[in-house]
Amino acid sequence: MSGAELQQDLRAAVRDLCKAFPDSYWRELDARREYPEAFVKALTEAGYLAALIPEEYGGSGLGVAEASIILEEINRSGANAGACHAQMYTMGTLLRHGSETQKRAFLPKIASGELRLQAFGVSEPTTGSDTTQLKTLAVRKGDRYVIRGQKVWISRAEHSDLLLLVVRTTPIEQVKKRTEGLSMLLVDMREAVGHGLTIRPIRTMMNHATTELFFDDLEVPVDTLIGEEGKGFRYLLDGLNAERILIAAECVGDGRWFVERASKYAKERVVFGRPIGQNQGVQFPIARAHVNVEAADLMRIRAAELFDRGENCGAEANMAKLLAADASWEAANVAVQTYGGFGFAEDYDIERKFRETRLYQVAPISTNLILAFMAEHVLGLPRSY
Ligand SMILES: Cc1cc2nc3c(=O)[nH]c(=O)nc-3n(C[C@H](O)[C@H](O)[C@H](O)COP(=O)(O)OP(=O)(O)OC[C@H]3O[C@@H](n4cnc5c(N)ncnc54)[C@H](O)[C@@H]3O)c2cc1C
């Protein structure tokens, strides 16, 4: 089977699985702010969340291009891959920098669904986008690290067994470069909660299961360290391109969903004796949103190809994320406008997806920070921060 055929089959199969989780499923969970447990279970059992795990560890050994198709199709169906995408974008860190013992201990269990790696702990309340300033400290004490600090916006922590946690192992005052002294730990939250780790949910404008984490002298074994101590910032950067591409694909999925819904509604809704979609004032914004979603998709495909060939794709991954997040947000606005008053009604799902896709202007990286990356690292302009 060719690569293109495999991707087509994968797309069709994910689309099929998503049909069992219609708009009403997501709408009801949204109203109750509940985690889509049944959906994540179905995806896990079908093996989709193990897409990036090599076959020798029980996964399907696919590339980021295929993983991104899975997330795109989830969002395109009207669902929200935010419930489970972290398993894909944290995977690279474990695969590239984890020891053989760690890989053998965790990957087969993650692939089978026995363990979930759905939480990624970077953000802190007083640090913002300036990751090198993060303050959560892990101090070595014999064969343990003792962790103290606080994280914020750590999504899915209540629904994950494992947490990929970024900490300082050397205080910033003691390092030559501020990017030094950060480390990555793979924390087993099943043992940590109640023994130094407290999770507190944060209610947000969409159903995202995000939380605050409080570390009060949580003790973890030193073998939770991924790779070398102090090299965590490099490992973090390593994983960011995959994250950008995967989020871009979700935005493309959202964008296509909005364009399809808006087009359908514009054909059916009759006002002044004709379908509203016959008016250029209604059809042109939908057409433009479509053009922008498709253009963003090309950049996402390009970035994924480069990534899977092991080539440098920093610029393309960032551009894909920026273009796709802008395109999905434009499409969301257009859909609300096309639906008129009904765009605001919960029963039509437009307002729910509108809230969901808005996130991607801010997280996992804000648009300004992508522009700053492009200006500095691609165009050679002076660093602005
Ligand atoms: C629902 C949700 C889920 C999340 N999930 C996770 C998660 O699972 N794990 C995790 O670690 N984090 C998570 N995050 C955090 C997310 O990654 C951050 O919110 C994001 O990186 C922005 O950081 P901040 O909120 O601290 O904003 P800040 O850094 O305080 O920035 C605020 C605003 O100022 C702008 N800004 C800041 N500095 C500059 C500058 N130098 N130039 C121009 N503009 C600037 C930003 O673009 C932004 O618009 C999540 C956030 C949300 C809302």
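Refer to the structure above for everything that follows.
Residues numbered from 1 in each chain as written. Predicted model: local features only at pLDDT ≥ 70, side-chain atom pairs only at ≥ 80, totals over all residues. Heavy atoms only, no water.

> An account of the site of the ligand is requested, with residue identities and associated values reported.
Near the ligand lie 20 residues; those nearest to it are Phe120, Ser123, Ser129, Trp153 and Ser366. A distance of 2.9 Å separates an oxygen atom of the ligand from a polar atom in the backbone of Val122. Between Ser155 and the ligand, the recorded distance is 2.8 Å, taken from a side-chain N or O atom to a nitrogen atom. Look at the ligand: alone it shows 970 Å² of surface, and the protein chains cover 66% of it. With respect to the detected pockets, the ligand is housed in the largest pocket. (Near = heavy atom within 4 Å. Polar contact = N/O pair within 3.5 Å; in protein donor to acceptor, adjacent residues only side chain to side chain. Areas by Shrake-Rupley, 256 points an atom, 1.4 Å probe, with all protein chains shown as cover. 1 Å grid on protein atoms, 1.4 Å probe; cavity = no way out; pocket = protein on both sides within 12 Å on 5 of 7 lines; lining within 4 Å. Sits in = over half its atoms within 2 Å of the grid points.)

> Report on a nonpolar patch on the surface, specifying residues and quantitative values.
A surface patch of nonpolar side chains, amounting to about 280 Å² of accessible area, comprises Val378, Leu379 and Leu381. Position of Leu381 relative to the elements: it lies in the segment after helix H13 (367–378). A relative accessible area of 44% means that Leu381 is categorised as partly exposed. (Patch = residues over 30% accessible without salt bridge, like charges linked within 9 Å, V, L, I, M, F, W, Y side chains within 5 Å. Salt bridge = Lys/Arg side-chain N within 4 Å of Asp/Glu carboxyl O. Helix = DSSP H or I, 4+ residues; strand = E, 2+ residues; numbered from the N terminus. Buried < 20%, exposed > 50% of the residue type's maximum accessible area, 1.4 Å probe, protein only.)

> Any chance you could break down empty space enclosed by the protein for me, citing the residues and the numbers?
Which parts of space are left empty comes out when a probe the size of a water molecule is rolled across the atoms. Counted according to the given criterion, the structure contains 2 cavities of 30 Å³ or more. Around the largest cavity, the lining is made up of 13 residues, and of these Trp26, Pro36, Asn80, Ala83 and Asn207 lie nearest the centre. A total of 3 residues in the lining of the largest cavity trace back to one element, the largest contributor, which is helix H2 (residues 23–32). Partitioned by chemical class, the residues of the lining of the largest cavity number 6 nonpolar, 4 polar and 3 charged. The computed volume of the second largest cavity comes to approximately 50 Å³. Surrounding the second largest cavity, Tyr89, Thr90, Thr93, Phe120, Leu164, Met184, Tyr235, Leu236, Gly239, Leu240 and Glu243 form its lining. Sort the elements by how many residues they give to the lining of the second largest cavity and helix H9 (residues 232–268) lands first, with 5 residues. (Points joined across faces, edges and corners; volume = space filled by probe spheres on them. Nonpolar A, V, L, I, M, F, W, Y, C, P; charged D, E, K, R; others polar.)

> Got a sec to walk through the pattern of salt bridges? Specific residues and values, please.
The tally for this structure, following the rule as stated, stands at 35 salt bridges. Put simply, Glu37 and Arg116 hold a salt bridge, and the shortest N to O gap is 2.6 Å. In this pair, Glu37 is assigned in helix H3 (residues 37–45) and Arg116 in the loop between helix H7 (100–112) and strand E1 (117–121), connecting sequence segments 79 residues apart. Residue Glu37 is classed as partly exposed on the basis of its relative accessible area, which comes to 37%. We note a salt bridge from Asp297 to Arg300, for which the minimum N-O separation is 2.6 Å. Of this pair, Asp297 and Arg300 both sit in helix H10 (residues 280–308), 3 residues apart, which is roughly one turn of the helix. In this pair, the class of Asp297 matches that of Arg300, namely buried. Bridged by salt links that share partners, the residues Arg11, Arg15, Glu72, Glu73, Arg256, Glu294, Asp297 and Arg300 form one connected network.

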